Amino acid sequence: MRKTKIEVVQSEYERKEQLRRRIYAVLPIISVALLLLLWFLASSAKDSNFPSPKDIVDRFILFLHKPIKDMSLLGHIWASLKRVFIALGVAWFLGISFGVFIGWNKKANALLGPMFTAFRSVPPLAWVPLMTMWFGTGEFPKVLIVFIGALMPVVVNTQAGIANVQKLYLDVGTIFNAKSRQMLFEIAIPSSLDAIFAGIRTSTSAGWMVVLAAEMLGGKSGVGFLITRGMDSGDYSLCLLSMICIGLVGALLAVITQVLERIICPWTAKKSS
Amino acid sequence: MSKKVDSAEKLTDEERILLVQSQKRHSDYQLTALSVIGVLGFLILWQIAVMLGWLPSRYVPMPSRVIQLFFAKWTDPNPDGATLGVNIIGSLQVALTGFGLAIVIGVPLGLLMGWFHAFDKFMRPIFEILRPIPPVSWIPITILWMGVGLKAKAFIVFFSAFVPCVINAYTGIKQTSPVLINFSKTCGASNFTIFYKIGIPSAMTMTFAGVRVALGNAWATLVAAEMLAASNGLGYMIQQGRQFARPDIIILGIVVIGAIGVLFTSLLAKIEDKVLGWKK
Amino acid sequence: MDSKKIKLKLKNISLSYIVKDKVFDAAVGVSMEVRDSEFLVILGPGRCGKSVLLNMIAGLEKPVEGHIRLDNEEIRGSDERIGMVFQKLALMPWKTVMENVEFGLKMKGLKKRDRREIAQKYIDLVGLQGFEKSYPNQLSGGMKQRVGIARAYTNNPEILLMDEPFGQLDAQTRYAMQDEVLRVWEAEKRTIIFVTNNIEEALYLADRIVLLTNCPARVKEIYDINLPRPRNTIDQEFLRLRKLISENTDLAL
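Just so it is clear, the structure is predicted and the values come from calculations on it, not from any experiment.

(A) Quick peek at the overall build of chain A. The secondary structure content of chain A amounts to twelve helices and zero strands. Counting helices and strands in the order they occur from the N terminus, chain A gives α-α-α-α-α-α-α-α-α-α-α-α. Relative to its length of 273 residues, chain A is extended, with a C-alpha radius of gyration of 26 Å against a globular reference of 19 Å. Taking the principal axes of the C-alpha coordinates as reference, chain A spans close to 80 × 70 × 30 Å. Excluding contacts between residues fewer than 6 apart, the proportion of contacts in chain A whose partners are at least 24 apart in sequence is 69%. Accessible area for chain A stands at about 14,600 Å²; split by element, carbon and sulfur atoms hold 66% of it.

(B) Inspection of the pairing of strand β10 (residues 219-224) of chain C at higher detail. Pairing analysis gives five bridges linking strand β9 (residues 208-212) of chain C to β10(C), with the strands arranged antiparallel. Bridge pairing in β10(C) places C:V210 opposite C:I222.

(C) Molecular detail of the pairing of strand β2 (residues 22-35) of chain C. All names here are of chain C. Bridge count between strand β1 (residues 6-19) and β2: ten bridges; the pairing is antiparallel. Along β2, the bridge assignment pairs I6 with R35. Turn length for the β1-β2 hairpin, with the two strands adjacent in sequence and antiparallel, is two residues, and the turn residue K20 shows positive phi of about 55°.

(D) Spatial organisation of the side chain of C:Q178. All names here are of chain C. Following the sequence through the fold, Q178 ends up in helix α6 (residues 171-187). Overall, the relative accessible area of 6% leaves Q178 in the buried class. Apart from the residues within four sequence positions on either side, Q178 is in contact with F166, E201, Y204 and L205.

(E) Structural view of the pattern of salt bridges. Taken as a whole and assessed by the stated rule, the structure comprises 30 salt bridges over all chains. The closest approach of N and O atoms between C:K95 and A:E186, which form a salt bridge, is 2.5 Å. Linking C:K95 in the loop between β6 (82-85) and α2 (97-101) with A:E186 in helix α8 (residues 180-191), this pair reaches from one chain into another. One salt bridge in this structure joins C:K7 and C:E158, with 2.7 Å as the shortest N-O distance. One end of the pair, C:K7, is in strand β1; the other, C:E158, is in the loop between α5 (141-154) and β7 (159-163), with 151 residues separating them in the sequence. Judged by relative accessible area, which is 6%, C:K7 ranks as buried.

(F) Region of the structure containing the packing of helix α6 (residues 139-163) of chain A against helix α9 (residues 193-216) of chain A. Residue and element names in this part refer to chain A. Look at α6 against α9: their axes get within 8 Å of each other, and the N-to-C directions meet at 160°. When the axis of α6 is compared with that of α9, the two are roughly antiparallel. Where α6 crosses over α9, the handedness of that crossing is right-handed. Contact with α6, carried on its side by K142, I145, V146, G149, A150, P153, V154, N157, T158 and G161, involves A195, I196, A198, G199, T202, S203, A206, G207, V210, V211, A214 and E215 of α9 and no other residues of that element. Split into classes, the residues belonging to the contact of α6 with α9 amount to twelve nonpolar, eight polar and two charged.

(G) View of the domain arrangement of chain A. Residue and element names in this part refer to chain A. For chain A, the domain assignment lists domain 1 (1-50) and domain 2 (53-272). With centres defined by C-alpha atoms, the gap from domain 1 to domain 2 works out at 39 Å. With five residues of domain 1 at the contact, the number on the domain 2 side is five residues. Overall, the association of domain 1 and domain 2 removes approximately 390 Å² of surface from exposure, summing both partners, and the carbon and sulfur fraction of that is 81%. For the interface between domain 1 and domain 2, the tally reads zero salt bridges. The interface formed by domain 1 and domain 2 contains zero residue pairs in polar contact (both at pLDDT 80 or more). Of the residues contributing to the side of domain 1 that touches domain 2, the split by class is three nonpolar, two polar and no charged.

Procedures and definitions
- Residues numbered from 1 in each chain as written.
- Chains lettered and ligands numbered in written order.
- Predicted model: local features only at pLDDT ≥ 70, side-chain atom pairs only at ≥ 80, totals over all residues.
- Heavy atoms only, no water.
- Helix = DSSP H or I, 4+ residues; strand = E, 2+ residues; numbered from the N terminus.
- Rg over C-alpha atoms; globule rule 2.2 N^0.38 Å.
- Contact = heavy atoms within 4.5 Å.
- Areas by Shrake-Rupley, 256 points an atom, 1.4 Å probe, with all protein chains shown as cover.
- Pairing = 2+ DSSP bridges.
- Buried < 20%, exposed > 50% of the residue type's maximum accessible area, 1.4 Å probe, protein only.
- Salt bridge = Lys/Arg side-chain N within 4 Å of Asp/Glu carboxyl O.
- Axes fitted to C-alpha atoms, helices over the stretch in contact; angles between N-to-C directions.
- Parallel < 35°, antiparallel > 145°, perpendicular 65-115°, else oblique.
- Left-handed = near helix turned anticlockwise from the far one by under 90°.
- Nonpolar A, V, L, I, M, F, W, Y, C, P; charged D, E, K, R; others polar.
- Domains from an automatic or database assignment.
- Buried area = accessible area lost by both parts, 1.4 Å probe.
- Polar contact = N/O pair within 3.5 Å; in protein donor to acceptor, adjacent residues only side chain to side chain.

The following block contains the structure:
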């Protein structure tokens, strides 16, 4: 008799656990469903300008037939991406070099650091009016603004990484009589790669955001332009469609930078046996 | 013994302390001097460059001009329609409202999501979908929904500050030391008590880092929002500066925006020191 | 005979730290001699002074007074004739085993082929052949320390400093590593200065033991250990010495 009693208790616990796990699995589906429901309600309410999911799909198909400013959706996305890539490339090169310089050399940090901090405190977009006044509304000022937005996190993170190299590793260098230049390239920089990559990741997402805003403020191509175009002509489906694309591309960029990090720093990925 | 020979050159303890302290002070002075030279040098070079015509004065105002304008603009509403003070207050209002809301809603949300699994599973997908969309691109939808005005601007600012608060609070509480949690359980604490007394304090460092990022985001997004759709505020002032081809207004705006940003950062740092002082 | 030749001589070494406004003495007036090719163990309680002495010999810190002589010439700063194996695992995580081991030679400017040849010899000596391309985070604690030893040996030092190298290892690995280090030492004789806080370890390894006091460190006593190797830890003489040293050791509280 006693044996049966214990068996019952155990399976009750197991049943509870199973139920809990099932609820957990279902919850995300419920929340997404609720979100879609909300969206649907918002768009089908009376007098609502809010585009429904169907509107988005329609707009997407329409876009395939009718390019805007002679460019397909993909064309606009690529226009934005191109600006970002160029700006990121230059920002990474200059940013890492500068960051290493002021991270390694205390005097350079004291001399150049404060001015850099001052520039860094200005949101990248605040530069737009100045840049457009100086350089017009072409490609160059846009890329320049994205460059500024992307440069800051790279420098800050690189500088922090280099300045905070573990003394232990530098001691190893001292024991083996490494010259200063060797210490920098063999020890300080590799040891800071994770900080540098944190800067790269931040700069990528920052760059993507800045390019959109820059395009929204004046331009003829790019996803940000599509948003303002939609806004001005009351074509809200276009706005929402663009937003979705922006989100997707942003997520994709984040994944790509992660993959890049895995490739360049294999020792971070490998687990100890 | 060689000790006798050395003791003639040997310093007493106090002398050694003073020597080391003065060496440290000397190098500190050196670095501070370099910093001052760096900043002044930049300003002086800028001034000279414009005065000598290396940089076109139509496009690049002299620093002296900007400083002049700073003082003038407190009382002169031209040409953008508001004095400097009005613009500053306008911007601060929106930024701090959005920022404040973001902390009040975002941090608890992140903490709850990090602690209670059911809540996490429910909120996560919504969050992950909304996250990669940059706040700036929400602007047209927000305008559609709320019209052009304070509410719309505040919402966008809120959204940009909201995300880092949630993420950092979430990450922070997730890394609460399991040892502490288990210890509390052995003391008989309920789940909520552990959450409140152990989880939340452990999460504070990361949360503060998130709050710092949030403030930066809020300020940056505010500037963008004002440039796109507003009738006052520093971002608007800069746009107007461009409209009226007044680079000095633009630069003044940039400097004020940057200065306020620095102010925020140092204020936050002071608050963080007070609250998290025990961590040091 | 070379075994009695003095390789390294410390005379009156002192080091103090200045923390805030107080002077904190790590070592005061330490003098000792290290014989050529001997295995010298510096034994001391707690965390005071032992590592600091090694750091000074290695050139990582400068003594406030006193001097250090290698082969009767004074040395200052880091000297390439002195190598070191660290306590905290100081392998560079971004370099493979081979790259870590050949590091010293790379700093000297040797060509890749020559470096690899010498490094390979020591990788084989410590029994890690096959792991040349692995990263440190793929290795166990004992293996990592073996790489550290190979790395120090590859640079061909005359004196090898070992700063509690087995402190982070579990007991079994520790015993194995003690045998390892003796084996490598017998194969390639160098002067070794080994720091530990473990009496058994000291007795197991040392030709001579220098016992330090508690903070600030001073030389308390020097013991000559004349037991044959490999040593038996339950041998009567071993246990007698163990008791003798243990009673003489300051407690670190």
